[in-house]
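Here is how the chains run, residue by residue.
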Amino acid sequence: MIKVPRPLIVLVAALFSSYMLVLAAYSLQFGFASSNEPVFAAMALYALATIAVLIPDHRPRMPIWLAAFAVGIAIVMPMLITSVLDAGRDGGNGYGTWYVAAVGTLMTTVAVRGRPGFAWVGIGFLVVQTIFWTGPVGLASLGVIGSASWVGVAHLLTNALAKAVRDSKRFAAAERGAAEWQAAQEAHLNERQFRLGQTTVMALPMLRTIQQSGGDLTAAQRAECLHLEGAIRDEIRGRKLLNDAVREQVMLARRRGTTVTLLDEGGIDDLDGPDLDRVLGALADALRRTNADKVIARTVPEGSDVAVTVVGLRSSDDGSASLLGDSLDDDEVELWLEIPRTAPVAG
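One structure accompanies this document, and this report is about it. (Residues numbered from 1 in each chain as written. Predicted model: local features only at pLDDT ≥ 70, side-chain atom pairs only at ≥ 80, totals over all residues. Heavy atoms only, no water.)

A word on empty space enclosed by the protein. Throughout the structure, instances matching the rule amount to 1 cavity of 30 Å³ or more. Of the pockets and cavities examined, the largest cavity occupies roughly 60 Å³. (1 Å grid on protein atoms, 1.4 Å probe; cavity = no way out; pocket = protein on both sides within 12 Å on 5 of 7 lines; lining within 4 Å. Points joined across faces, edges and corners; volume = space filled by probe spheres on them.)

Okay, the layout of surface pockets next. One number sums up the size of the largest pocket: a volume of about 1,600 Å³. Along the walls of the largest pocket sit 38 residues, with Ile9, Val112, Arg113, Thr158 and Leu161 positioned nearest its centre. Elements that contribute at least two residues to the lining of the largest pocket include exactly α1 (6-28), α2 (37-54), α4 (98-112) and α7 (144-213). Considering every element that reaches the lining of the largest pocket, the biggest residue donor is α7, with 12 residues. A breakdown of the residues in the lining of the largest pocket according to their chemical character gives 22 nonpolar, 8 polar and 8 charged. The volume enclosed by the second largest pocket comes to roughly 170 Å³. As for the second largest pocket, its lining consists of Leu226, His227, Gly230, Arg233, Arg237, Arg254, Gly257, Thr258, Thr259, Val260 and Thr261. When residues of the lining of the second largest pocket are traced back to their parent elements, those giving at least two are α8 (219-237) and β1 (259-263). It is α8 that contributes the most residues to the lining of the second largest pocket, 5 residues altogether. For the lining of the second largest pocket, the per-class residue count stands at 2 nonpolar, 6 polar and 3 charged. (Helix = DSSP H or I, 4+ residues; strand = E, 2+ residues; numbered from the N terminus. Nonpolar A, V, L, I, M, F, W, Y, C, P; charged D, E, K, R; others polar.)

Read from one edge to the other, the open sheet built from 4 strands follows the order β1-β2-β3-β4, with strand pairing classed as mixed. Each edge of the open sheet is held by one strand with a lone partner, namely β1 and β4 (332-340). Put simply, the sheet's adjacent strands are angled 10° from each other on average, direction ignored. By the bridge criterion, 6 bridges tie strand β2 (residues 294-299) to strand β3 (residues 306-314) in an arrangement that is antiparallel. Directly across from Val295, in β3, lies its bridge partner Gly312. (Pairing = 2+ DSSP bridges. Axes fitted to C-alpha atoms, helices over the stretch in contact; angles between N-to-C directions.)

Applying the stated criterion to the full structure yields 5 aromatic pairs. Pairing Tyr26 with Phe30 gives two aromatic rings, centres 5.1 Å apart and planes at 75°, and the pair type is edge-to-face. (Phe/Tyr/Trp six-rings, centres within 6.5 Å; stacked < 30°, edge-to-face > 60°.)

Turning next to the packing of α2 against helix α3 (residues 64-82). Between α2 and α3, whose axes approach to 9 Å, the crossing angle comes to 160°. Looking at the two axes, α2 sits roughly antiparallel to α3. In this structure, α2 crosses over α3, and the sense of that crossing is left-handed. Contacts between α2 and α3 pair Pro38, Ala41, Ala42, Leu45, Tyr46, Leu48, Ala49, Ala52 and Val53 from the former with Leu66, Phe69, Ala70, Ile73, Val76, Met77, Leu80 and Ile81 from the latter. The class makeup of the residues in the contact of α2 with α3 is 17 nonpolar, no polar and no charged. (Parallel < 35°, antiparallel > 145°, perpendicular 65-115°, else oblique. Left-handed = near helix turned anticlockwise from the far one by under 90°. Contact = heavy atoms within 4.5 Å.)

This brings us to the side chain of Asn93. Residue position: Asn93 is located in the loop between α3 and α4. Taking the relative accessible area as the measure of exposure, Asn93 reaches 7% and is therefore buried. Here Asn93 is in contact with Phe32, Leu85, Asp86, Ala87 and Trp133, once residues within four sequence places are set aside. (Buried < 20%, exposed > 50% of the residue type's maximum accessible area, 1.4 Å probe, protein only.)

Right, let's get into α3. The terminal C-alpha atoms of α3 lie 28 Å apart, and with 19 residues this matches the ideal 27 Å at 1.5 Å per residue to within 8%. Three or more residues of α3 are buried, namely Leu66, Ala67, Ala70, Val71, Ile73, Ala74, Met77, Pro78, Ile81 and Thr82. Down the axis of α3, the sector holding all buried residues measures 150°, keeping them to one side. Looking at the packing, one finds that the buried side of α3 touches α2, α4 and α5 (116-134). (Expected span 1.5 Å × (residues − 1). Arc of directions from axis to C-beta.)

Relative to the elements of secondary structure, Gln249 occurs in helix α9 (residues 244-255). Apart from the residues within four sequence positions on either side, Gln249 is in contact with Ala284, Leu287 and Arg288.

A general trend in soluble globular proteins is that nonpolar side chains are found buried together. One finds Val53, Met77, Trp98, Tyr99, Leu106, Met107 and Val110 to be the most contacted residues of the largest nonpolar core, which totals 42 residues. At the level of elements, α1, α2, α3, α4, α5 and α7 are the ones that each hand at least two residues to this core. At 9 residues, α4 tops the list of elements feeding residues into this core. Every residue in contact with Tyr99, bar those within four places of it in the chain, is listed here: Met77, Pro78, Ile81, Thr82, Leu126, Gln129, Trp133 and Leu142. Grouped together as the second largest cluster of nonpolar side chains are 24 residues, Leu242, Val295, Val310 and Leu335 included. (Core = buried A, V, L, I, M, F, W, Y, C linked by side-chain atoms within 4.5 Å.)

The topology assignment puts Leu66 in helix α3. For the pair formed by Leu66 and Val110, sequence separation is 44 residues and the distance between their alpha carbons is 9.0 Å. Discounting chain neighbours no more than four positions away, the residues touching Leu66 are Ala52, Val53 and Arg113.

Here the focus is the pattern of salt bridges. For the structure shown, the criterion picks out 8 salt bridges. We note a salt bridge from Glu265 to Arg298, for which the minimum N-O separation is 2.8 Å. With a gap of 33 residues between them, Glu265 in the loop between β1 and α10 (274-289) and Arg298 in strand β2 connect regions that are remote in the sequence. A relative accessible area of 34% means that Arg298 is categorised as partly exposed. For Arg341, the salt bridge is made with Asp270, and the minimal N-O distance between the two is 3.1 Å. Highlighted residues: Arg341 in the segment after β4 and Asp270 in the loop between β1 and α10, separated in sequence by 71 residues. Owing to a relative accessible area of 9%, Arg341 belongs among the buried residues under this scheme. Beyond isolated ion pairs, a larger network of salt bridges with shared partners links Lys163, Asp167 and Arg170. (Salt bridge = Lys/Arg side-chain N within 4 Å of Asp/Glu carboxyl O.)

What follows is the structure in structure tokens.
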């Protein structure tokens, strides 16, 4: 699409509006007006209104007060000029009726700048005033119909352009939404493929063992299957809490009899590089050192200084309370660790 520079449009409008003043000055030499002072006053008001409505403004629509001012000028100009013209003059008043085109030009500018309602008010007054001054025949002979047509075309074009702008914004928003949806789907696909790959690497050796033994597993192999199940669950719920070191320490802890739960709820999605390596390194070290019966590692929502909390619990009974589901009240905290989101500054 070719975009016309706005200064060029303003320049063309200013030149066309100035032409109305040239016609007004040219008409004075023919003596159509019984007095030139009202004509000069109308020319000055028209020039002032034209400058006001053509001044560049970043707002999409001209202010209401400016549109009302332009309409006021459009009402005053015909009254000033027709007061010194003879409606019954033989041969007509020639260029003495320049105000008709001037009002049409001014109201067209008002319509283009987003105030078509005000523009139609100005044209409506021009129609009524012309009918009272010369009768309905003056609407065609003086060019009032042409001025109204300018405003009508400007109104239609402005509405069409506004609709095109709205449609383009809507299409752009739809395109952004489609691109974001596609990116999200690709991210989900990549995530699924990565998790499937991790699961295959972990589970394939045991699956081969199951196949070779015909499902007749030893107690140690059955326990290892449970550990693998937990590792696969970690890949789904642990997400960014996992790296090779954490996976190794989680598996070692489970083989020691520790129940490990990893919960990544998106709190460390903003971490990457050294900060993420430091957090996961601290988590792996905590898993290696703890002797707790149960360990829960959970991410903390963004906005907190803490990235991950690690809680280790030791059962205070022989395990019967755990079987009954009442272990939370009887467990003792063996480990409480808050891993900061950023490295502490050396003092």
